[in-house]
Amino acid sequence: MKKFLALLLIACAAASGASAQTRAPAPSTAPPPGVTPTPAPASPLDGTWRGTSDGGSCNAPLDYLLTIESGFVDGSAYDTTARGPVPNPNKSAPPPPGPGLWQVHGVAKVGAPFNLLSLASVKGPEHRRIQLTARGDASGLIVTENGGCRRTARLSR
């Protein structure tokens, strides 16, 4: 019993010593006085772009929705013909599902074609990616697949 009381007394002393310590203040995220942060430069391609591609060799058009902000491209492409799982009465191996949603990322360049990376949202070990080429046009943005179905989309704001 005496050992237990001694350990309890030591634990209480350690706890009260730890609670007496104070933390250092967190560093400030504000810029130093007299300095104003500069915003990222705006690109003439900035904005939200929407459009639909042709079907390409797969006969599966994609609906694009891209957002360009300060030259950074982020968005998605959705295959409207992709279907979910269906009942399999034959008990045979079902066909692999095609990708229905593609994530699109990249950096936009003004006055020159630029590359975008498109990644498919698929399950399992399968990993699909397609390189896209985009270029600004007088009437909008033209996105072309470099592989896969070789679809071409004309996007507008």
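Above this text sits the structure in question.
### A short note on the overall build of the protein chain
Of regular secondary structure, the protein chain possesses 1 helix and 8 strands. The order of helices and strands in the protein chain, counted from the N terminus, is α-β-β-β-β-β-β-β-β. Buried residues in the protein chain amount to 25% of all 157 residues. Partitioning the intrachain contacts of the protein chain with sequence separation of at least 6 by distance along the chain shows that 38% fall at a separation of at least 24. With an accessible surface of roughly 11200 Å², the protein chain has 61% of that area assigned to carbon and sulfur atoms.

### Focus: the nonpolar core
Core analysis: the biggest nonpolar cluster contains 21 residues, and Tyr64, Leu66, Phe114, Val143 and Leu155 have the highest contact counts within it. Those elements that provide at least two residues to this core are strand E2 (62-69), strand E3 (72-79), strand E4 (101-107), strand E5 (114-120), strand E6 (129-137), strand E7 (140-145) and strand E8 (152-155). Broken down by element, this core gets its largest block of residues, 4 residues, from E2.

### Section: the pairing of E8
Across the two faces of E8 the burial differs, with Ala153 and Leu155 buried and Thr152 and Arg154 not buried at all. Two elements, E7 and E8, share 4 bridges in a ladder whose sense is antiparallel. Across the sheet, residue valine 143 finds its bridge partner in E8, namely alanine 153.

### Quick look at the pattern of salt bridges
According to the stated counting rule, one finds 1 salt bridge in the structure shown. Note that arginine 151 is salt-bridged to glutamate 145, the shortest N-O span being 2.7 Å. Its relative accessible area of 3% is what places glutamate 145 among the buried residues.

### Regarding the sheet that holds E6
On the basis of which strands lie adjacent, the open sheet formed by 8 strands has the order E1-E2-E3-E4-E5-E6-E7-E8 and antiparallel pairing. Edge strands, defined here as strands with exactly one partner in the open sheet, are strand E1 (47-52) and E8. In this sheet, adjacent strand axes meet at a mean angle of 20° when their direction is disregarded.

### Quick look at the state of the cysteines
Here, the word disulfide means a covalent bond between the sulfur atoms of two cysteines. For the coordinates displayed, the defined rule picks out 1 disulfide. One disulfide bridge connects cysteine 58 with cysteine 149, the sulfur atoms lying 1.7 Å from each other. Across the disulfide from cysteine 58 to cysteine 149, rotation about the S-S bond amounts to roughly -85°, and the bridge is consequently left-handed. Here the residue cysteine 58 occupies a position in the loop between E1 and E2, and cysteine 149 occupies one in the loop between E7 and E8, the gap between them amounting to 91 residues. Cysteine 58 sits in the partly exposed class, given a relative accessible area of 42%.

### So, unusual backbone geometry
In this structure, asparagine 59 is a non-glycine residue whose phi angle is positive, near 55°. Within the secondary structure layout, asparagine 59 lies in the loop between E1 and E2. Its identity as a non-glycine residue notwithstanding, serine 70 has a phi of 55°, on the positive side. By the element assignment, serine 70 lies in the loop between E2 and E3. Serine 70 sits in the partly exposed class, given a relative accessible area of 26%.

### Re the side chain of glutamate 145
The topology assignment puts glutamate 145 in strand E7. Within the structure, the side chain of glutamate 145 is placed 3.2 Å from the backbone nitrogen of cysteine 149, a separation counted as a polar contact. A distance of 2.7 Å separates a polar atom in the side chain of glutamate 145 from a polar atom in the side chain of arginine 151. When residues no more than four places from it in sequence are discounted, the contact partners of glutamate 145 are Leu62, Tyr64, Ile130, Gln131, Leu132, Arg150 and Arg151.

Conventions adopted
Residues numbered from 1 in each chain as written. Predicted model: local features only at pLDDT ≥ 70, side-chain atom pairs only at ≥ 80, totals over all residues. Heavy atoms only, no water. Helix = DSSP H or I, 4+ residues; strand = E, 2+ residues; numbered from the N terminus. Buried < 20%, exposed > 50% of the residue type's maximum accessible area, 1.4 Å probe, protein only. Contact = heavy atoms within 4.5 Å. Areas by Shrake-Rupley, 256 points an atom, 1.4 Å probe, with all protein chains shown as cover. Core = buried A, V, L, I, M, F, W, Y, C linked by side-chain atoms within 4.5 Å. Pairing = 2+ DSSP bridges. Salt bridge = Lys/Arg side-chain N within 4 Å of Asp/Glu carboxyl O. Axes fitted to C-alpha atoms, helices over the stretch in contact; angles between N-to-C directions. Disulfide = S-S within 2.5 Å. Polar contact = N/O pair within 3.5 Å; in protein donor to acceptor, adjacent residues only side chain to side chain.

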